[in-house]
Amino acid sequence: ILNVEQSPQSLHVQEGDSTNFTCSFPSSNFYALHWYRWETAKSPEALFVMTLNGDEKKKGRISATLNTKEGYSYLYIKGSQPEDSATYLCAPNAGNMLTFGGGTRLMVKP
Amino acid sequence: EAQVTQNPRYLITVTGKKLTVTCSQNMNHEYMSWYRQDPGLGLRQIYYSMNVEVTDKGDVPEGYKVSRKEKRNFPLILESPSPNQTSLYFCASRRTGANQPQHFGDGTRLSIL
């Protein structure tokens, strides 16, 4: 079982603040790194899938970077809004399975 | 509408009474999987299937069975449920390829008394 760590576990920010989270994973046998957004009472939704070292992806105010050599990925949210409140999950794919981290729970106060 | 459908959404049952949670996807995805989510433990993979008639154990397969007789369906079977299988279960599907995002169902909350 891969050791996937996400930090911080939870985060409270004010509307308009920019924030970032970290996902650390073993760099060996790496195929892809997934980020999912999981709102309360809903199911996880895919944000990004990154495969190459140095990959950067962006969707609106949310972006992510990937360092496969050192085994980490950052997720950035610019100008957080209350609707960004959710748990953000990362999951490396090192074969046929995804191994999810424990998630970062983001709460954005209006 | 492209979707993954799980049934039932909620179930309360008793120890030892066999149950099946169905999962169906309409996206012609080859890969399907089951996860359980428990507080403090995150999403853990139970079983997955790369294609019809091909299934493999995930990280926590004990007490579960699966089958993949058709491409669209991937039922999760609890032959003799126990209280430690009380959890929130998600089915997911994707196309072949590690870089393909997973599409999740809405979840099934099981309570085993």
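Structural notes, computed from the coordinates. (Residues numbered from 1 in each chain as written. Chains lettered and ligands numbered in written order. Predicted model: local features only at pLDDT ≥ 70, side-chain atom pairs only at ≥ 80, totals over all residues. Heavy atoms only, no water.)

**Let's talk about the overall build of chain B**
Next up, step 1: Each helix and strand in chain B was counted, giving zero helices and 11 strands.
Next up, step 2: Secondary structure elements of chain B occur, N-terminal to C-terminal, as β-β-β-β-β-β-β-β-β-β-β.
Next up, step 3: By the compact-globule yardstick of 13 Å for 113 residues, chain B fits well, its C-alpha radius of gyration being 13 Å.
Next up, step 4: Dimensions of chain B, computed from C-alpha atoms along their principal axes, come out at roughly 40 × 30 × 25 Å.
Next up, step 5: When burial is assessed residue by residue, chain B has 50% of its 113 residues classed as buried.
Next up, step 6: Pairs at least 24 residues apart make up 53% of the contacts formed inside chain B by residues separated by at least 6 positions.
Next up, step 7: Within the structure as shown, chain B displays about 5500 Å² of accessible surface, and the carbon and sulfur contribution to it stands at 48%.
Next up, step 8: One way to put it: in chain B the 14 positive side-chain charges average out to a point 3 Å from where the 10 negative ones average out. (Helix = DSSP H or I, 4+ residues; strand = E, 2+ residues; numbered from the N terminus. Rg over C-alpha atoms; globule rule 2.2 N^0.38 Å. Buried < 20%, exposed > 50% of the residue type's maximum accessible area, 1.4 Å probe, protein only. Contact = heavy atoms within 4.5 Å. Areas by Shrake-Rupley, 256 points an atom, 1.4 Å probe, with all protein chains shown as cover. Lys, Arg positive; Asp, Glu negative; His and termini not counted. Charge placed at Lys NZ, Arg CZ, Asp CG, Glu CD.)

**What about the nonpolar core?**
Next up, step 1: Grouped together as the largest cluster of nonpolar side chains are 22 residues, with contacts concentrated most on A:Leu33, A:Trp35, A:Leu75, A:Tyr88 and A:Leu106.
Next up, step 2: For this core, the secondary structure elements donating two or more residues are strand 2 (10–14), strand 3 (19–24), strand 4 (32–38), strand 5 (45–50), strand 7 (62–67), strand 8 (72–77), strand 9 (86–93) and strand 10 (104–109) of chain A.
Next up, step 3: In contact with A:Leu106, other than residues within four places in its own chain, are A:Leu11, A:Val13, A:Thr19, A:Phe21, A:Ile77, A:Asp84, A:Ser85, A:Ala86 and A:Tyr88.
Next up, step 4: B:Val21, B:Ile46, B:Val66 and B:Tyr89 belong to the second largest nonpolar core, which has 19 residues in total. (Core = buried A, V, L, I, M, F, W, Y, C linked by side-chain atoms within 4.5 Å.)

**With respect to the pairing of strand 8 of chain A**
Next up, step 1: Of the two faces of strand 8 of chain A, the one holding A:Ser73, A:Leu75 and A:Ile77 is buried and the one holding A:Tyr72, A:Tyr74 and A:Tyr76 is not buried anywhere.
Next up, step 2: Counting the residues between successive antiparallel strands, the hairpin from strand 7 of chain A to strand 8 of chain A contains four residues, one of them, A:Gly71, with a positive phi of roughly 75°. (Pairing = 2+ DSSP bridges.)

**Comments concerning unusual backbone geometry**
Note: most peptide bonds trans; most residues except glycine with negative phi.
Next up, step 1: Omega for the bond connecting A:Ser7 with A:Pro8 falls within 30 degrees of zero, at -5°, which places this linkage in the cis form.
Next up, step 2: Along the chain, A:Pro8 turns up in the loop between strand 1 (5–7) and strand 2.
Next up, step 3: Cis peptide bonds are those with omega within 30 degrees of zero, and the linkage from B:Asn7 to B:Pro8 qualifies with -5°.
Next up, step 4: With respect to the secondary-structure elements, B:Pro8 resides in the loop between strand 1 (4–7) and strand 2 (10–13).
Next up, step 5: Positive phi is not limited to glycine here, since A:Ala41 has a value of about 70°.

**A few points about the packing of aromatic side chains**
Next up, step 1: Per the stated rule, a full pass over the model turns up 13 aromatic pairs over all chains.
Next up, step 2: Here the aromatic rings of A:Tyr74 and A:Tyr76 are separated by 6.1 Å at their centres, their planes lie at 70°, and the arrangement is edge-to-face.
Next up, step 3: Linked through ring pairs, A:Tyr36, A:Trp38, A:Phe100, B:Tyr35, B:Phe90 and B:Phe104 together constitute an aromatic cluster.
Next up, step 4: The side chain of A:Lys59 reaches across the aromatic face of A:Phe48, ending 6.0 Å from its centre.
Next up, step 5: A cation sits over an aromatic face here: B:Arg94 above B:Tyr31, 3.8 Å from the ring centre. (Phe/Tyr/Trp six-rings, centres within 6.5 Å; stacked < 30°, edge-to-face > 60°. Lys NZ or Arg CZ within 6 Å of the ring centre and 35° of its normal.)

**Points about the state of the cysteines**
All names here are of chain A.
Next up, step 1: With the rule as written, the count across this model stands at two disulfides over all chains.
Next up, step 2: What pairs with Cys23 in a disulfide is Cys90, and their sulfur atoms sit 2.0 Å apart. Judged by the sign of its S-S torsion, about 75°, the bond between Cys23 and Cys90 is right-handed. One end of the pair, Cys23, is in strand 3; the other, Cys90, is in strand 9, and 67 residues separate them in sequence. In this structure, Cys23 and Cys90 share a single accessibility class: buried. (Disulfide = S-S within 2.5 Å.)

**Describing the interface of chain B and chain A**
Next up, step 1: In this complex, chain B contributes 21 residues to the contact, which on the side of chain A involves 19 residues.
Next up, step 2: Of the roughly 1600 Å² buried between chain B and chain A on both sides combined, carbon and sulfur atoms contribute 64%.
Next up, step 3: In this assembly, chain B and chain A are joined by zero salt bridges.
Next up, step 4: Between the two partners, chain B and chain A, sit four residue pairs in polar contact (both at pLDDT 80 or more). (Buried area = accessible area lost by both parts, 1.4 Å probe. Salt bridge = Lys/Arg side-chain N within 4 Å of Asp/Glu carboxyl O. Polar contact = N/O pair within 3.5 Å; in protein donor to acceptor, adjacent residues only side chain to side chain.)

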